[in-house]
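Fold and contact review
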Amino acid sequence: MTGVSDSMRAVRITRHGGPEVLEPARVAVPTLRAGEVLVQVGSVALNNTDLWTREGAYGRPDDPKALSGWRGPIDFPRIQGADVAGRVLAVGAGVGESLVGRRVVVDPAIYDAEGPDANPVGLMGSERDGGYAEYVTAPAKRVHDVTGSPLTDDQLASLPTAYGTALGMLERGRLRQGETALVSGASGGVGLALVQLARARGARVIAISSGTKIDAVRETGAHEVIDRAGDVAAQIRAVAPEGIDVALDVVAGELVSDGLPLLREGGRWVIAGALGGYGVTLDVRRLYLHNAQVIGSAMHTPAHFDLLMGLARRAEIEPVIAAVFPLDRAGQAQEALSRRGHVGKIVMHP
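Summary of the structure given here. (Residues numbered from 1 in each chain as written. Predicted model: local features only at pLDDT ≥ 70, side-chain atom pairs only at ≥ 80, totals over all residues. Heavy atoms only, no water.)

Brief notes about the overall build of the chain
Across its full length, the chain holds 10 helices and 18 strands. On C-alpha atoms alone, the chain measures out to a radius of gyration of 20 Å, which is about the 20 Å that the 2.2 N^0.38 rule sets for 350 residues. When its C-alpha atoms are laid out on the principal axes, the chain stretches across 65 × 40 × 40 Å. Expressed as a percentage of the 350 residues in the chain, the buried residues total 55%. For the chain, the proportion of contacts with a sequence separation of at least 24, taken over those separated by at least 6, is 70%. Surface summary for the chain: the accessible area is close to 14,600 Å², and the carbon and sulfur share equals 49%. Each charge sign in the chain was given a centre, from 36 positive and 40 negative side chains, and these centres are 1 Å apart. (Helix = DSSP H or I, 4+ residues; strand = E, 2+ residues; numbered from the N terminus. Rg over C-alpha atoms; globule rule 2.2 N^0.38 Å. Buried < 20%, exposed > 50% of the residue type's maximum accessible area, 1.4 Å probe, protein only. Contact = heavy atoms within 4.5 Å. Areas by Shrake-Rupley, 256 points an atom, 1.4 Å probe, with all protein chains shown as cover. Lys, Arg positive; Asp, Glu negative; His and termini not counted. Charge placed at Lys NZ, Arg CZ, Asp CG, Glu CD.)

Examining the pattern of salt bridges
Pairs can form between side chains of opposite charge whenever their charged atoms are close. One pass over the full model with this rule turns up 18 salt bridges. A salt bridge links Asp153 to Arg103; the shortest N-O distance between them is 3.0 Å. You can see Asp153 sitting in helix 2 (residues 153-157) and its partner Arg103 sitting in strand 6 (residues 103-106), a full 50 residues away along the chain. Given a relative accessible area of 25%, Asp153 falls into the partly exposed group. Judged by its relative accessible area of 11%, Arg103 is buried. Its salt-bridge partner being Asp215, residue Arg218 comes within 3.4 Å of it at the nearest N-O pair. Within this pair, Arg218 and its partner Asp215 are both found in helix 5 (residues 213-220), separated by 3 residues, close to a single helical turn. The class of Arg218 is partly exposed, set by a relative accessible area of 39%. Each of Arg176, Glu179 and Arg268 takes part in one network of salt bridges that share partners. (Salt bridge = Lys/Arg side-chain N within 4 Å of Asp/Glu carboxyl O.)

A look at the nonpolar core
Core analysis: the biggest nonpolar cluster contains 45 residues, and Leu159 and Leu248 have the highest contact counts within it. Those elements that place two or more of their residues in this core are helix 2, helix 3 (159-172), strand 11 (180-183), helix 4 (189-200), strand 12 (204-209), helix 5, strand 14 (244-249) and helix 9 (302-313). Leave out the neighbours within four places in its chain, and Leu248 touches Met169, Leu170, Ala181, Leu182, Val183, Ser184, Leu194 and Val270. Formed by 42 residues, the second largest nonpolar core is a distinct cluster that contains Leu51, Val104, Tyr132 and Ala333. (Core = buried A, V, L, I, M, F, W, Y, C linked by side-chain atoms within 4.5 Å.)

Rendered as structure tokens:
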């Protein structure tokens, strides 16, 4: 490959643990296979999944406390990083040369089928090597040309996991114009994406945040911001006495138990995270008597990601960048993410 050396700088994990298990390394540039492209990483964004994969915090269906990656045991060593924006440097057999030189975003999902509604069953940076490196390979069909987008590489890299997850939640929750949406964890990557996307869809957005982040969440587009330090259910009733149509929830835990009775008839509670705990107690009468639904949502489908890339090309959403780190400070970047003192996305530059 012209202009590409045989080795590259990367940060990988060889076991589960704290930030200390992130190891800078010099590794071989990944070999291009048929149907793949080689992307020079311009920016890689961090997500909670980076922390939980590193910690092995996902559990398994038969053992919730088992050390596990996103969907099972990790094949170590593993280069982390799901969210990549960069340029195509080379293509494998069967891929058109027209992609070379194009600015792209990689869909990090590994799907269970080929169709537009396939489910993600793996993730770049967990089930295959990711973007904490100078170069990464990806299937050509998962690389989206965004050459004409006015968004920066940092903003583009912020989209795949956070905004893909958010858009998947909106689609699975069937959020429509004019409905009232409740967004939990609104200052985080997925939370801010939910606020922006729900507002763009014409919904009334009620967000849950805290402290100094409240103003920033409001500026992002929330109509009302509730302080999670207070009585959340009472505050929701005060600003939405007629109830919530769709809850877009990355917190879960007690919020589900307390919030489910606040849904309108036929309301939908969509869960894509468990920042508040994975153990939930429900009064099931609030489900069947009110035709309510609790919906699990893991990332996005190929069709959802196509919609997201359309928004990116037209810059109809503009991700907020909280901080930028060099790749060799990946441990510090992940520690900053874990402290949750920021609003927006943390990115790294290889």
